[in-house]
Amino acid sequence: DVKVTQSSRYLVKRTGEKVFLECVQDMDHENMFWYRQDPGLGLRLIYFSYDVKMKEKGDIPEGYSVSREKKERFSLILESASTNQTSMYLCASSPGQGRNSPLHFGNGTRLTVT
Amino acid sequence: AQSVAQPEDQVNVAEGNPLTVKCTYSVSGNPYLFWYVQYPNRGLQFLLKYITGDNLVKGSYGFEAEFNKSQTSFHLKKPSALVSDSALYFCSLKDMRFGAGTRLTVKP
């Protein structure tokens, strides 16, 4: 069974801090994704990666960056946290063959920026 | 632009009654469509998908979904709802975009 692990369930950070959200998957999946989830807006895609050292912008990349140095790990970075980045962050992975494989999600990190 | 829409924020049904959670789509080409469920304080779990073939797709926990090309819809259904089905449901496209979600509440 695929396991996607997000390092923190809850985080509280101050405005202006640099924040790292870590995600690790254990099934050798090529594809990894970061979403944020807000009430009434559903899931919005921030960044995704189809391979090591590769990244693509999603729909709302502003204020975020990512790092994928190893296949199993995909990190989301908030360069300078702001209150409007308070949200639930979800990491997901999927195998590389085409686009018909479902995503496997972690349990999320609820980030509060004060 | 490709997109999915979930026209209902909230669906309420009584336990034992059939349930439907609606999803419509707008795509060019083949519409690979997915349904996911999210229980409180958890990530999303895959329920079922439509790639090609039969318009009625069966998935986990007794759920099924009907693909309708003429109406560009992919509604999630279950013949008899359980209180434990209460959760947030998301429809999504192959390009990783999701609908806004529908909160299903099943009352005893």
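You'll find the structure just up there.
What counts and what doesn't
Every chain is numbered on its own, with residues counted from 1 as its sequence reads. The order in which chains are written sets their letters, starting at A; the order in which ligands are written sets their numbers, starting at 1. For a predicted model such as this one, the threshold for reporting local features is a pLDDT of at least 70, and the threshold for listing and counting side-chain atom pairs is 80 or more; totals across whole chains, interfaces and linings nevertheless cover every residue. To get the side-chain values, take all heavy atoms of the structure and skip hydrogens and water. In this text, helices come from DSSP runs of H or I with a minimum length of four residues, and strands from runs of E with a minimum of two, each type numbered from the N-terminal end. The globule rule used for comparison is 2.2 Å times the number of residues to the exponent 0.38, while the radius of gyration itself is calculated over C-alpha atoms. Only protein chains enter the area calculation, which uses a 1.4 Å probe; residues under 20% of their type maximum are buried, those over 50% are exposed, and those in between are partly exposed. Contact between two residues is taken to exist if any of their heavy atoms lie within 4.5 Å; hydrogens are not considered. To measure how exposed things are, a 1.4 Å probe is used in the Shrake-Rupley method; for residues, cover is taken only from the protein chains shown. Counted charges follow a simple rule, with Lys and Arg positive, Asp and Glu negative, and His plus the chain ends left uncounted. Here the site of a charge means NZ on Lys, CZ on Arg, CG on Asp, or CD on Glu. For this analysis, a polar contact is any N or O atom pair within 3.5 Å, provided that within protein one partner can donate a hydrogen and the other can accept it, and provided that sequence-adjacent residues contribute only side-chain to side-chain pairs. Among buried residues, those of type Ala, Val, Leu, Ile, Met, Phe, Trp, Tyr and Cys that are joined through side-chain atoms within 4.5 Å constitute a nonpolar core. Within this document, salt bridges are pairs made up of a side-chain nitrogen of Lys or Arg and a carboxyl oxygen of Asp or Glu, the two lying within 4 Å of each other.

Caption draft 1: Local environment of the overall build of chain B. A tally of helices and strands in chain B yields 0 helices and 11 strands. Written out in order from the N terminus, the α and β elements of chain B read β-β-β-β-β-β-β-β-β-β-β. Here the C-alpha atoms of chain B give a radius of gyration of 13 Å, agreeing with the 13 Å that 2.2 N^0.38 yields for 108 residues. Considered along the principal axes of its C-alpha atoms, chain B spans approximately 40 × 30 × 20 Å. Relative to its 108 residues, chain B shows a buried fraction of 45%. Excluding contacts between residues fewer than 6 apart, the proportion of contacts in chain B whose partners are at least 24 apart in sequence is 54%. Of the accessible surface of chain B, which amounts to about 5200 Å², a share of 48% is contributed by carbon and sulfur atoms. Here chain B holds 11 positive side-chain charges and 8 negative ones, and the gap between their average locations is 5 Å.

Caption draft 2: Molecular detail of the side chain of Ser87(A). All names here are of chain A. Its place among the elements puts Ser87 in strand 10 (residues 87–94). Side-chain polar atoms of Ser87 contact the backbone oxygen of Gln37, separated by 3.1 Å. Engagement of the side chain of Ser87 in a polar contact is seen with the side chain of Asp38, the distance being 2.8 Å. Residues within four places of Ser87 in sequence aside, it is in contact with Arg36, Gln37, Asp38, Thr109, Arg110 and Leu111.

Caption draft 3: Structural context of the nonpolar core. Core analysis: the largest hydrophobic core is formed by 26 residues, its most contacted members being Trp35(B), Leu47(B), Leu48(B), Phe74(B), Leu76(B) and Tyr89(B). Every element with two or more residues in this core is listed here: strand 2 (10–14), strand 3 (19–21), strand 5 (33–38), strand 6 (44–50), strand 8 (64–68), strand 9 (73–78), strand 10 (87–93) and strand 11 (102–107) of chain B. Examining the composition of this core, we find that 4 residues originate from one element, strand 10 of chain B, more than from any other. Every residue in contact with Leu47(B), bar those within four places of it in the chain, is listed here: Trp35(B), Tyr36(B), Val37(B), Gly59(B), Ser60(B), Tyr61(B), Phe63(B), Leu76(B) and Tyr89(B). Grouped together as the second largest cluster of nonpolar side chains are 20 residues, Val19(A), Leu21(A), Cys23(A) and Tyr47(A) included.

Caption draft 4: Structural context of the pattern of salt bridges. All names here are of chain A. One pass over the full model with this rule turns up 11 salt bridges over all chains. In this structure, the salt-bridge partner of Asp38 is Arg36, at a minimum N-O distance of 2.8 Å. The same class applies to Asp38 and to Arg36, which are both buried. Through salt bridges with shared partners, a single ionic network connects Asp28, Glu30 and Lys71.

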